[in-house]
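Structural description and commentary
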Amino acid sequence: MLSVVTYGLVLALPLLFLFLKHSLSPSRQSRPLISQPEEKKSLKTIMQPPRDDLDPPKDDPFTLEHLKQFDGSDLSKPIYVSIKGIVFDVTRKSDVYGPGKSYNIFAGKDGSKGLGKSSLNLEDAVPDYSDLPENEKKVLDDWFSFFQKRYNIVGRVTDMPASVSTLSNL
Ligand code: HEM
């Protein structure tokens, strides 16, 4: 009888140990399916990467009226997006800035306010971003550096509203 109990314990203890070890390992603990670093990585890969082949910034003057020609509706012309008065050539991404595409509302104009507000409403795509709260001004600055690392600067807007001035010292 004693030998049966001893035999049972000898068999059961290693099995109990293996069970506990497996159920407490990190892969078995409850956590989100996508861990934080992977999540960040996948968000990053959605956006195009920064480029290392950009031209030196140009300083050509554009009025807001002149900028309208570059909204992608004339296929023979480039597509321009201005942020805080700095004009970027986004022609190579006509798949998002071209006519009828998701971000066409920012094409051929300075839509700084809409970028800061993360808004795709036409009435927000205006150059005067002066009344944005600080957090949205920060979002706008983040978009500015996004564009600065990816698109050539072709000039600056000469008639931005007085409440906001075109950036200098790029
Ligand atoms: C459901 C909401 C949204 C989704 C799913 C979405 C998705 C995306 C994706 C997938 C890209 C990368 C596109 C590409 O590189 O081809 C992108 C880029 C971008 N998104 Fe959105 N977006 C959303 C909302 C917005 C809003 C509200 C704004 C307004 C500011 C915005 C502004 C932009 C801009 C400016 C780019 C950069 C395009 C570029 O030059 O590469 N998005 N978005």
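Criteria and cut-off values
- Residues numbered from 1 in each chain as written.
- Predicted model: local features only at pLDDT ≥ 70, side-chain atom pairs only at ≥ 80, totals over all residues.
- Heavy atoms only, no water.
- UniProt positions renumbered as here; feature names shortened; annotations may be inferred.
- Near = heavy atom within 4 Å.
- Polar contact = N/O pair within 3.5 Å; in protein donor to acceptor, adjacent residues only side chain to side chain.
- 1 Å grid on protein atoms, 1.4 Å probe; cavity = no way out; pocket = protein on both sides within 12 Å on 5 of 7 lines; lining within 4 Å.
- Sits in = over half its atoms within 2 Å of the grid points.
- Helix = DSSP H or I, 4+ residues; strand = E, 2+ residues; numbered from the N terminus.
- Nonpolar A, V, L, I, M, F, W, Y, C, P; charged D, E, K, R; others polar.
- Pairing = 2+ DSSP bridges.
- Contact = heavy atoms within 4.5 Å.
- Axes fitted to C-alpha atoms, helices over the stretch in contact; angles between N-to-C directions.

An unreviewed UniProt entry lists the chain under the name Cytochrome b5 heme-binding domain-containing protein, with Rhizopogon vesiculosus as the source organism. On record in UniProt, under Sequence similarities (unreviewed entry), the comment for the chain is "Belongs to the cytochrome b5 family. MAPR subfamily."

As a matter of local geometry, the ligand sits amid 15 residues, with Gln48, Lys93, Tyr97, Tyr103 and Tyr151 nearest to it. A distance of 2.9 Å separates an oxygen atom of the ligand from a polar atom in the side chain of Lys93. With respect to the pocket detection grid, the ligand is positioned in the largest pocket. Sorting the residues of the shell around the ligand by element identifies α4 (94-97) and α6 (134-148) as the ones contributing at least two each. Among the residues making up the shell around the ligand, the classes are represented as eleven nonpolar, three polar and one charged.

Spatially, five strands are ordered β1-β5-β3-β2-β4 in an open sheet, and the strand pairing comes out mixed. Pairing within the sheet leaves two strands with one partner each, and these edge strands are β1 (60-62) and β4 (109-110). Examined bridge by bridge, strand β2 (residues 80-83) and strand β3 (residues 86-89) share four bridges and lie antiparallel to one another. What sits directly across from Ile83, in β3, is Ile86. Docked against the sheet, α6 engages β2 and β3, running at close to 140° with respect to β2.

Here β1 pairs with strand β5 (residues 152-157) via three bridges, running parallel. Bridging across to β5, Asp60 finds its partner in Gly155.

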